[in-house]
Amino acid sequence: KEILMKFGTSKAAPTNEDSFNKALINIYQDSVLKSKTNNFVIEESVDHELILQLVEKIHFGPEQNGAILIFLPGFDDIIQLSNLINDRIRHGYTIFMLHSSMKTDDQKNVFKPTYQGRRKIILSTNIAESSITIDDVIYVIDSGREKQKSFDAISHSSSLRVQWISKASANQR
(Lines give C-alpha, C1' and ligand atoms only; values in the text may rest on other atoms or scores of the structure.)
Protein backbone atom coordinates (compact mmCIF):
# COMPACT_ATOMS: atom_id res chain seq x y z
CA LYS A 1 0.00 0.00 0.00
CA GLU A 2 2.85 2.42 0.83
CA ILE A 3 4.36 1.99 -2.63
CA LEU A 4 1.01 2.55 -4.28
CA MET A 5 0.45 5.66 -2.16
CA LYS A 6 3.83 7.10 -3.22
CA PHE A 7 2.91 6.66 -6.87
CA GLY A 8 -0.62 7.88 -6.37
CA THR A 9 0.32 11.11 -4.58
CA SER A 10 2.77 12.41 -7.15
CA LYS A 11 2.93 16.23 -7.47
CA ALA A 12 3.48 15.95 -11.23
CA ALA A 13 0.72 16.58 -13.73
CA PRO A 14 -1.70 13.66 -13.94
CA THR A 15 -0.84 10.97 -16.48
CA ASN A 16 -2.43 7.69 -17.45
CA GLU A 17 -0.01 6.00 -15.06
CA ASP A 18 -1.06 8.31 -12.23
CA SER A 19 -4.71 7.48 -12.95
CA PHE A 20 -3.92 3.77 -12.97
CA ASN A 21 -2.07 4.01 -9.66
CA LYS A 22 -4.93 5.92 -8.05
CA ALA A 23 -7.35 3.28 -9.29
CA LEU A 24 -5.21 0.57 -7.67
CA ILE A 25 -5.21 2.49 -4.38
CA ASN A 26 -9.00 2.76 -4.55
CA ILE A 27 -9.36 -0.98 -5.19
CA TYR A 28 -7.15 -1.76 -2.20
CA GLN A 29 -8.98 0.67 0.07
CA ASP A 30 -12.37 -0.69 -1.03
CA SER A 31 -11.26 -4.25 -0.26
CA VAL A 32 -10.10 -3.17 3.22
CA LEU A 33 -13.32 -1.25 3.88
CA LYS A 34 -15.42 -4.28 2.93
CA SER A 35 -13.55 -6.37 5.51
CA LYS A 36 -13.97 -3.99 8.47
CA THR A 37 -15.71 -5.55 11.43
CA ASN A 38 -16.22 -3.83 14.78
CA ASN A 39 -13.57 -1.20 13.93
CA PHE A 40 -10.92 -3.88 13.33
CA VAL A 41 -9.58 -4.39 9.83
CA ILE A 42 -9.42 -8.02 8.78
CA GLU A 43 -6.83 -8.48 6.06
CA GLU A 44 -6.59 -12.25 6.07
CA SER A 45 -6.91 -12.70 2.35
CA VAL A 46 -4.70 -11.56 -0.49
CA ASP A 47 -6.20 -9.10 -2.97
CA HIS A 48 -5.83 -11.22 -6.10
CA GLU A 49 -7.58 -8.65 -8.29
CA LEU A 50 -5.05 -5.97 -7.32
CA ILE A 51 -2.13 -8.31 -8.07
CA LEU A 52 -3.73 -9.27 -11.39
CA GLN A 53 -4.00 -5.60 -12.37
CA LEU A 54 -0.31 -5.10 -11.57
CA VAL A 55 0.57 -8.14 -13.71
CA GLU A 56 -1.53 -6.75 -16.59
CA LYS A 57 0.16 -3.34 -16.27
CA ILE A 58 3.60 -4.94 -16.48
CA HIS A 59 2.75 -7.54 -19.13
CA PHE A 60 1.07 -5.11 -21.51
CA GLY A 61 3.47 -2.26 -20.75
CA PRO A 62 6.27 -1.03 -22.99
CA GLU A 63 8.96 -3.31 -21.53
CA GLN A 64 8.58 -6.72 -23.15
CA ASN A 65 11.39 -8.55 -21.33
CA GLY A 66 11.78 -9.86 -17.82
CA ALA A 67 10.07 -12.34 -15.57
CA ILE A 68 7.54 -11.43 -12.88
CA LEU A 69 7.94 -13.09 -9.47
CA ILE A 70 4.85 -12.97 -7.26
CA PHE A 71 5.02 -13.93 -3.58
CA LEU A 72 1.84 -15.48 -2.19
CA PRO A 73 1.17 -17.14 1.17
CA GLY A 74 0.06 -20.58 0.03
CA PHE A 75 -0.86 -23.04 -2.69
CA ASP A 76 -4.53 -22.03 -2.69
CA ASP A 77 -3.55 -18.43 -3.48
CA ILE A 78 -1.19 -19.65 -6.21
CA ILE A 79 -3.97 -21.64 -7.88
CA GLN A 80 -6.50 -18.82 -7.55
CA LEU A 81 -4.16 -16.22 -9.08
CA SER A 82 -3.09 -18.64 -11.81
CA ASN A 83 -6.74 -19.12 -12.78
CA LEU A 84 -7.35 -15.36 -12.83
CA ILE A 85 -4.31 -14.76 -15.03
CA ASN A 86 -5.36 -17.51 -17.43
CA ASP A 87 -8.88 -16.05 -17.64
CA ARG A 88 -7.81 -12.45 -18.29
CA ILE A 89 -4.45 -12.59 -20.05
CA ARG A 90 -4.79 -14.74 -23.13
CA HIS A 91 -1.28 -14.84 -24.62
CA GLY A 92 2.43 -14.19 -24.32
CA TYR A 93 3.27 -15.73 -20.96
CA THR A 94 4.12 -18.98 -19.20
CA ILE A 95 3.17 -19.56 -15.56
CA PHE A 96 5.51 -21.39 -13.20
CA MET A 97 4.55 -22.39 -9.66
CA LEU A 98 6.96 -22.75 -6.76
CA HIS A 99 5.68 -24.50 -3.66
CA SER A 100 7.32 -26.96 -1.29
CA SER A 101 4.82 -29.72 -2.10
CA MET A 102 5.63 -29.69 -5.83
CA LYS A 103 8.00 -32.19 -7.44
CA THR A 104 11.62 -31.06 -7.68
CA ASP A 105 11.61 -31.60 -11.46
CA ASP A 106 8.65 -29.24 -11.86
CA GLN A 107 10.37 -26.63 -9.71
CA LYS A 108 13.55 -26.82 -11.81
CA ASN A 109 11.64 -25.67 -14.90
CA VAL A 110 11.48 -22.15 -13.49
CA PHE A 111 15.20 -21.71 -14.21
CA LYS A 112 14.87 -22.53 -17.90
CA PRO A 113 14.46 -19.62 -20.35
CA THR A 114 11.10 -19.17 -22.04
CA TYR A 115 10.54 -18.86 -25.76
CA GLN A 116 11.13 -15.50 -27.44
CA GLY A 117 8.13 -13.24 -26.92
CA ARG A 118 6.85 -15.06 -23.83
CA ARG A 119 7.01 -13.60 -20.35
CA LYS A 120 7.70 -15.86 -17.38
CA ILE A 121 5.25 -15.38 -14.49
CA ILE A 122 6.36 -17.15 -11.32
CA LEU A 123 3.82 -17.70 -8.55
CA SER A 124 5.67 -18.65 -5.38
CA THR A 125 5.45 -19.01 -1.65
CA ASN A 126 8.38 -17.87 0.48
CA ILE A 127 10.35 -20.84 -0.91
CA ALA A 128 11.80 -18.36 -3.46
CA GLU A 129 12.66 -15.81 -0.78
CA SER A 130 16.19 -16.86 0.09
CA SER A 131 16.91 -20.32 -1.21
CA ILE A 132 17.02 -19.62 -4.96
CA THR A 133 17.91 -16.93 -7.50
CA ILE A 134 16.08 -16.74 -10.81
CA ASP A 135 18.27 -14.75 -13.17
CA ASP A 136 15.64 -13.25 -15.47
CA VAL A 137 13.33 -11.84 -12.75
CA ILE A 138 12.93 -8.10 -13.19
CA TYR A 139 9.61 -7.49 -11.43
CA VAL A 140 8.62 -8.61 -7.93
CA ILE A 141 5.08 -8.34 -6.64
CA ASP A 142 4.83 -9.13 -2.96
CA SER A 143 1.52 -9.83 -1.22
CA GLY A 144 3.33 -9.24 2.07
CA ARG A 145 1.82 -12.41 3.52
CA GLU A 146 3.18 -15.85 4.35
CA LYS A 147 2.06 -18.96 6.18
CA GLN A 148 3.78 -19.46 9.51
CA LYS A 149 3.49 -22.34 11.91
CA SER A 150 1.86 -21.37 15.19
CA PHE A 151 1.18 -23.35 18.33
CA ASP A 152 -2.07 -23.11 20.28
CA ALA A 153 -1.25 -23.80 23.95
CA ILE A 154 -4.89 -24.39 24.88
CA SER A 155 -5.60 -27.09 22.28
CA HIS A 156 -1.98 -28.29 22.17
CA SER A 157 -1.98 -28.23 18.38
CA SER A 158 0.01 -26.58 15.63
CA SER A 159 -1.41 -24.93 12.56
CA LEU A 160 -0.34 -22.81 9.62
CA ARG A 161 -1.65 -19.26 9.77
CA VAL A 162 -1.41 -16.49 7.22
CA GLN A 163 0.52 -13.59 8.75
CA TRP A 164 2.29 -10.45 7.63
CA ILE A 165 5.93 -10.97 6.71
CA SER A 166 8.71 -9.39 8.72
CA LYS A 167 10.64 -6.35 7.52
CA ALA A 168 13.70 -8.59 7.01
CA SER A 169 11.66 -10.92 4.79
CA ALA A 170 10.36 -7.96 2.81
CA ASN A 171 13.91 -6.71 2.23
CA GLN A 172 15.08 -10.19 1.21
CA ARG A 173 12.25 -10.56 -1.30
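Residues numbered from 1 in each chain as written. Predicted model: local features only at pLDDT ≥ 70, side-chain atom pairs only at ≥ 80, totals over all residues. Heavy atoms only, no water.

1. A look at the nonpolar core
Consideration 1: Formed by 17 residues in total, the largest nonpolar core has its most connected members in I70, I85, I121 and L123.
Consideration 2: For this core, the elements supplying multiple residues, two or more each, are α3 (48-59), β3 (67-71), α4 (75-88), β4 (93-98) and β5 (119-124).
Consideration 3: For this core, the element with the most residues is α3, which contributes four residues.
Consideration 4: Residues in contact with L123, not counting those within four places in the same chain, are I70, L72, I78, L81, S82, I85, I95, F96, M97 and L98. (Core = buried A, V, L, I, M, F, W, Y, C linked by side-chain atoms within 4.5 Å. Buried < 20%, exposed > 50% of the residue type's maximum accessible area, 1.4 Å probe, protein only. Helix = DSSP H or I, 4+ residues; strand = E, 2+ residues; numbered from the N terminus. Contact = heavy atoms within 4.5 Å.)

2. Notes on the packing of aromatic side chains
Consideration 1: Applying the stated rule across the entire model yields zero aromatic pairs.
Consideration 2: Here the basic side chain of K120 rests over the ring of F96, its NZ or CZ set 5.7 Å away from the ring centre. (Phe/Tyr/Trp six-rings, centres within 6.5 Å; stacked < 30°, edge-to-face > 60°. Lys NZ or Arg CZ within 6 Å of the ring centre and 35° of its normal.)

3. Brief notes about the pattern of salt bridges
Consideration 1: In total, this model carries four salt bridges according to the counting rule given.
Consideration 2: Taking the shortest distance from any N to any O, the salt bridge between R88 and E56 comes out at 3.2 Å. With R88 in helix α4 and E56 in helix α3, the pair connects residues that are 32 residues apart, well separated along the chain.
Consideration 3: Residue R88 is classed as partly exposed on the basis of its relative accessible area of 38%.
Consideration 4: You can call E56 buried: its relative accessible area is 18%.
Consideration 5: Where K120 meets D136, a salt bridge forms, and the shortest distance between an N and an O atom there is 3.1 Å. With K120 in strand β5 and D136 in the loop between α6 (127-130) and β6 (137-142), this pair connects stretches of sequence that are 16 residues apart.
Consideration 6: Residue K120 is classed as buried on the basis of its relative accessible area of 2%.
Consideration 7: According to the relative accessible area criterion, D136 is partly exposed, its value standing at 29%. (Salt bridge = Lys/Arg side-chain N within 4 Å of Asp/Glu carboxyl O.)

4. Description of the pairing of strand β8 (residues 157-164)
Consideration 1: Relative to β8, strand β7 (residues 145-152) runs antiparallel, the two sharing eight bridges. Across the sheet, D152 pairs through a bridge with S157, a residue of β8.
Consideration 2: Connecting β7 to the next strand, β8, in antiparallel fashion are four residues, including H156 with a positive phi near 55°. (Pairing = 2+ DSSP bridges.)

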